[in-house]
Amino acid sequence: LGQTIVYRETIDSTNNLAQELANNGAMEGTLVIADEQQQGRGRRGRNWFSPPHSGVWMSLILRPQLPLAHAAQITLVTAIALAKALTRLTGVQAGIKWPNDILFNKKKCCGILTEMHAEFDQIHHLVLGIGINVNVPQEDFPEDIQHIATSLQAVKGTPIPRAKVVQVVLEELEPLYRQYVADGGFGTLRDQWKAHNITLGNEIIAHTAQGTIQGRALDIDEFGVLLVEQPDGEQKKIYSADIMFA
Ligand code: BTN
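Residues numbered from 1 in each chain as written. Predicted model: local features only at pLDDT ≥ 70, side-chain atom pairs only at ≥ 80, totals over all residues.

Summing up its helical and strand segments, the protein has five helices and twelve strands in all. In terms of overall dimensions, the protein is globule-like: its C-alpha atoms have a radius of gyration of 17 Å, near the 18 Å expected for 246 residues. For the protein, the C-alpha atoms occupy an extent of roughly 55 × 45 × 30 Å along the three principal directions. When the 246 residues of the protein are sorted by exposure, 43% land in the buried category. Contacts in the protein between residues far apart in sequence, at least 24 positions, make up 62% of those at least 6 positions apart. (Helix = DSSP H or I, 4+ residues; strand = E, 2+ residues; numbered from the N terminus. Rg over C-alpha atoms; globule rule 2.2 N^0.38 Å. Buried ≥ 20, exposed ≤ 12 C-beta atoms within 10 Å, placed from the backbone. Contact = placed C-beta atoms within 7 Å.)

Here is the structure:
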């Protein structure tokens, strides 16, 4: 991964350029990276704060030959790699909040935006967008995210070169990605995910497209689906949501 790197000083969104390159046949592992995004995108149409020289804003093109049903699991695989990488880089334990956030002390440092293209029921390509707040002093976050966001620098106390962050992330991701492809899914990585997660066992509020579910996060299955126990004892499967700790 990252054998080919496409760099831009400034860009709308690295995911957009990666999509375009992927549609034009770019190789698996092609990495698009920018110093600044002017329209950085988060999940659910949110904006992603991506100021110049302050973070790692990058997108990887992947072409796993797997059924479409397995595509969402790449986000969980990537989350494991990021939790490991960010822990290594800071010396402070990073935790995974299902499905795609990496947190330090309950503050978000990193998010993943996976976009996929399918051909019939097979994955054609995936664009794996990763945003990591690296050298953002805590007081520099915009007011509306000040209390929920953090950066590697804020956690570690010293700046970290962004190239080093990219290197460590790719080092951690590559073997996990190979395993996910070889095993045809996330199942064998589930224990590793659990070891790094901060979601299970907690009371959560999940905002899904179908409505809000509150309860205790019990487990994830071999597809990465979250199982929640509601106060009346009923268990619900959550396929996609934004979750908050209750
Ligand atoms: C989220 O937590 O909502 C996902 C954030 C993903 C941000 C990254 S930065 C690189 C890539 N390009 C984008 O526009 N978004 C992703």
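Those places that UniProt annotates as "binding site: biotin" (unreviewed entry) correspond, in this numbering, to S13, T14, N15, Q37, R41, G42, R43 and K108. Along the chain, Q37 turns up in strand β2 (residues 31–37). Apart from residues lying up to four places away in sequence, Q37 is in contact with I11, D12, S13, T14, S50 and W57. Turning to its location among the elements, K108 is positioned in strand β6 (residues 107–119). When neighbours within four sequence positions are excluded, K108 is seen to be in contact with D101, L103, I148, A149 and T150. (UniProt positions renumbered as here; feature names shortened; annotations may be inferred.)

Looking at the protein, the domain boundaries give domain 1 (5–196) and domain 2 (203–245). The straight-line distance from the C-alpha centre of domain 1 to that of domain 2 is 23 Å. Here the side of domain 1 that touches domain 2 is composed, by residue class, of six nonpolar, three polar and three charged. (Domains from an automatic or database assignment. Nonpolar A, V, L, I, M, F, W, Y, C, P; charged D, E, K, R; others polar.)

Bringing the site of the ligand into the picture now. Near the ligand there are 22 residues, and of these S13, G42, G111, G129 and G131 occur at the shortest range. For the shell around the ligand, the secondary structure elements donating two or more residues are α1 (14–23), β3 (55–62), β6 and β7 (122–133). (Near = placed C-beta within 6 Å.)

Here the focus is the sheet that holds strand β9 (residues 211–220). Across the sheet, five strands lie side by side as β11-β10-β9-β8-β12; this open sheet has antiparallel pairing. Bordering the open sheet on either side are β11 (235–238) and β12 (242–245), each of which pairs with just one other strand. Each strand axis lies, on average, 45° off the axis of its neighbour in the sheet, ignoring direction. Alignment of strand β8 (residues 203–208) against β9, held across six bridges, turns out to be antiparallel. Its bridge partner lying in β9, I205 is registered against Q214. (Pairing = 2+ DSSP bridges. Axes fitted to C-alpha atoms, helices over the stretch in contact; angles between N-to-C directions.)

Quick look at the confidence of the model for the protein now. Predicted coordinates in regions of low pLDDT should not be interpreted in detail. Looking at the protein, pLDDT values average 96 and 100% of them are 70 or higher. The complex model carries a pTM of 0.96, and its ipTM stands at 0.99. (pLDDT = per-residue confidence, 0-100.)

Our next topic: unusual backbone geometry. Geometrically, the link from W98 to P99 is a cis peptide bond, its omega value of -5° lying close to zero. Structurally, the position occupied by P99 is in the loop between β4 (95–97) and β5 (101–104). Of note, the phi angle at H53 is positive, near 60°, even though the residue is not glycine. When you line up the elements, H53 lands in the loop between β2 and β3. Residue class for H53 comes out exposed when judged on the 11 C-beta atoms lying within 10 Å of it. Even without being a glycine, K106 presents a positive backbone phi close to 65°.

With that out of the way, let us pick up the nonpolar core. The biggest cluster of nonpolar side chains holds 67 residues, and the ones touching the most others in it are V77, L86, I102 and C109. The dominant element in this core, judged by the number of residues it contributes, is helix α2 (residues 73–90), at eleven residues. The residue makeup of this core includes at least three contributed by each of domain 1 (5–196) and domain 2 (203–245). (Core = buried A, V, L, I, M, F, W, Y, C linked by C-beta atoms within 7 Å.)

Contact geometry of α2 with helix α4 (residues 162–183) gives a least axis separation of 8 Å together with a crossing angle of 140°. Judged by the inter-axis angle, α2 sits oblique to α4. The crossing of α2 and α4 is right-handed. For the pair α2 and α4, the contacting residues are Q73, I74, V77, T78, I80, A81, L82, K84, A85, R88 and L89 in the first and V165, V168, V169, E172, L173, L176, Y177 and Y180 in the second. Residue composition of the contact of α2 with α4, by class: 14 nonpolar, two polar and three charged. (Parallel < 35°, antiparallel > 145°, perpendicular 65-115°, else oblique. Left-handed = near helix turned anticlockwise from the far one by under 90°.)

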